[in-house]
Amino acid sequence: MNDWSRAVSQRPAEDLGAIGTITGNRGLQIEEKLIFEQDSPGRCGVDLTEPAPFQPRLGGLERRGPIGLPGLSEPQVVRHFTRLSQKNYAIDSGLYPLGSCTMKHNPRLNEKLARLPGFADIHPLQPPSTVTGALMLIDTVAHWLKTLTGMPAIALSPGAGAHGELCGIMSIRAAIEARGEQRSRVLVPESAHGTNPATAAACGYTVDPVPTDPRGRVDLKSLKARLGTDVAALMLTNPNTCGLFENDILEIAAAVHAVGASFYCDGANFNAIVGRVRPADLGIDCMHLNLHKTFSTPHGGGGPGSGPVALAAELAPYAPLPWLVHGADGLELVEHRGGAAENAIGRLKGFHGQMGMFVRALAYMMSHGADGLRQAAEDAVLNGNYLRVQLEGELSLSFPGPCMHEVLFDDGFLKDTGVTTLDFAKALIDEGYHPMTMYFPLIVHGAMLIEPTETESKASLDEFAEVVKALAAAARSGDNGRFRAAPRLTPRRRLDETTAARNPVLRWRRQA
Ligand SMILES: Cc1ncc(COP(=O)(O)O)c(C=O)c1O
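Calculation criteria
Residues numbered from 1 in each chain as written. Predicted model: local features only at pLDDT ≥ 70, side-chain atom pairs only at ≥ 80, totals over all residues. Heavy atoms only, no water. Pairing = 2+ DSSP bridges. Helix = DSSP H or I, 4+ residues; strand = E, 2+ residues; numbered from the N terminus. Phe/Tyr/Trp six-rings, centres within 6.5 Å; stacked < 30°, edge-to-face > 60°. Buried < 20%, exposed > 50% of the residue type's maximum accessible area, 1.4 Å probe, protein only. Core = buried A, V, L, I, M, F, W, Y, C linked by side-chain atoms within 4.5 Å. Contact = heavy atoms within 4.5 Å.

Undergrad: Summarise the sheet that holds strand β13 (residues 448-450); cite the residues concerned and give the values.
TA: Taken in spatial order, the 4 strands line up as β10-β11-β13-β12 in an open sheet, and their pairing is antiparallel. Looking along the sheet, the strands with just one partner apiece sit at the ends: β10 (396-397) and β12 (437-438). Here strand β11 (residues 407-410) pairs with β13 via 3 bridges, running antiparallel. Looking at β13, one finds that Leu 408 is bridged to Leu 449.

Dropping the structure here:
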């Protein structure tokens, strides 16, 4: 009998949650041991013949002992990784209400096109003359992004939103230096994503926080009071991280420009306004776009991301290399400083950026068309507001009135219940939902930021809303046990988060 049919758990009985089983398995959810714990020394997935005798050429540096990989058969390896993949809750499994970190449906068409050998198998060191199709694709992506933002230049190479911010603030800094000016402060609203102040600080600027007004928008008076000729830029997110449109944006842009500063927009939430608003018309000088949020490329997980940056004409000369330009003989790559690219800030990434993401984003843009992109933005906003209306009677809405693509609640409704935002989120896991974003933005207490995205149906939003409402009612009725014990039905129970943060065990070691 094969002994790898089940990876039997050694978990103690008290760790089994509500229903104990002999094996530690739960229904068809198999409890998984680490691959090293499944090791059978000497077992191997392939039969290799003994190598013919050979003359060592490493001068005594040859490995003498085993390499330390676990011995496993092929079925064991397949089952291990299949079971691990089944433990991962994903946007393909169900509604994923993370606000700000949008988990957007990745259409299969995009994946199919990204795997076309003509795109997937090319090498970044191939001579440009052999990859003209890929260059055309990059140029077409740039064309779409320029059209949608209204900005004349696009830097495509940044590998994520945060990397795009770095690109943008470095370009702004280069422009300031080229003018021979000295500017030391960057204004960042208190509600901003942490990457904004981090970027400004990494570029050597002092971060000056701007308070939020009672409407959840930038406090215009405080912003104006902070503006001066030592301000390099304002970094504003619009729609902001409270899920609200900054409706004073034209006045903000005028005030920023009046002191000679640049207006940087964190465009991570462009998915709520794409096709409806062109950032250039709002007075924005520089803005990154998260392809994973607006154009449906896969998000995070350490995988390749893409955060192109749209630049106004004044900042375009500082865009990072390489540049793709229309030359006499068609598309040409500018790889080094010189000529029009004399002031480029240099390279931010190897080669041209994440080609696979460009293919996916273009597939999304072209299959939707301009009207389809606009529809996706409108549906995202509709879904956000649908949930707002469904839930505002039960949860505490942080700022009144319509929202954009995401809706922000705080923990006011949990007051005196003994239940925290964290408990509430863990209870959602037991109900089969990934939690919403918790404790961000920081400007409200116990934040719960929900973004349903445009692909969720009314039925799926209703189901989610019913569960959230039922949990809110349970919290108010004093059913604290349910929350404190949550999650009860997951392969692992709640971690001691303090110990996990203070004393992380990051490496498995074989027990002696
Ligand atoms: C408002 C905002 N700004 C910046 C970022 C950073 O983007 P990335 O995670 O791609 O670095 C995010 C991430 O989701 C975001 O929500």
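Resuming the write-up.
Undergrad: Talk me through the packing of aromatic side chains; I want residue IDs and the actual numbers.
TA: Applying the stated criterion across every chain yields a total of 5 aromatic pairs. Between Tyr 89 and Tyr 96, the aromatic rings sit 5.7 Å apart at their centres with planes inclined by 40 degrees, giving tilted as the arrangement. Taking relative accessible area as the criterion, Tyr 89 reaches 25% and is therefore assigned partly exposed. Tyr 96 sits in the buried class, given a relative accessible area of 10%.

Undergrad: An account of the environment of Arg 83 is needed here, citing residue identities and associated values.
TA: Checked against the element boundaries, Arg 83 lands in helix α1 (residues 74-86). Its relative accessible area of 9% is what places Arg 83 among the buried residues. Here the alpha-carbon distance between Arg 83 and Leu 244, two residues 161 residues apart in the chain, equals 40 Å.

Undergrad: Report on the nonpolar core, specifying residues and quantitative values.
TA: With 57 residues, the main nonpolar core has Leu 145, Phe 263, Phe 295 and Met 365 as its most contacted residues. Contributions of two or more residues to this core are made by α4 (132-149), α7 (220-226), β4 (231-237), α8 (249-258), β5 (262-267), β6 (286-289) and α10 (355-391). What Phe 295 contacts, discounting residues up to four positions off in sequence, is Leu 145, Leu 148, Phe 270, Val 274, Asn 290, Arg 360, Ala 361, Tyr 364, Met 365 and Leu 373. In terms of nonpolar packing, the next biggest core, distinct from the first, is built from 36 residues, Cys 242, Leu 244, Leu 449 and Leu 471 among them.

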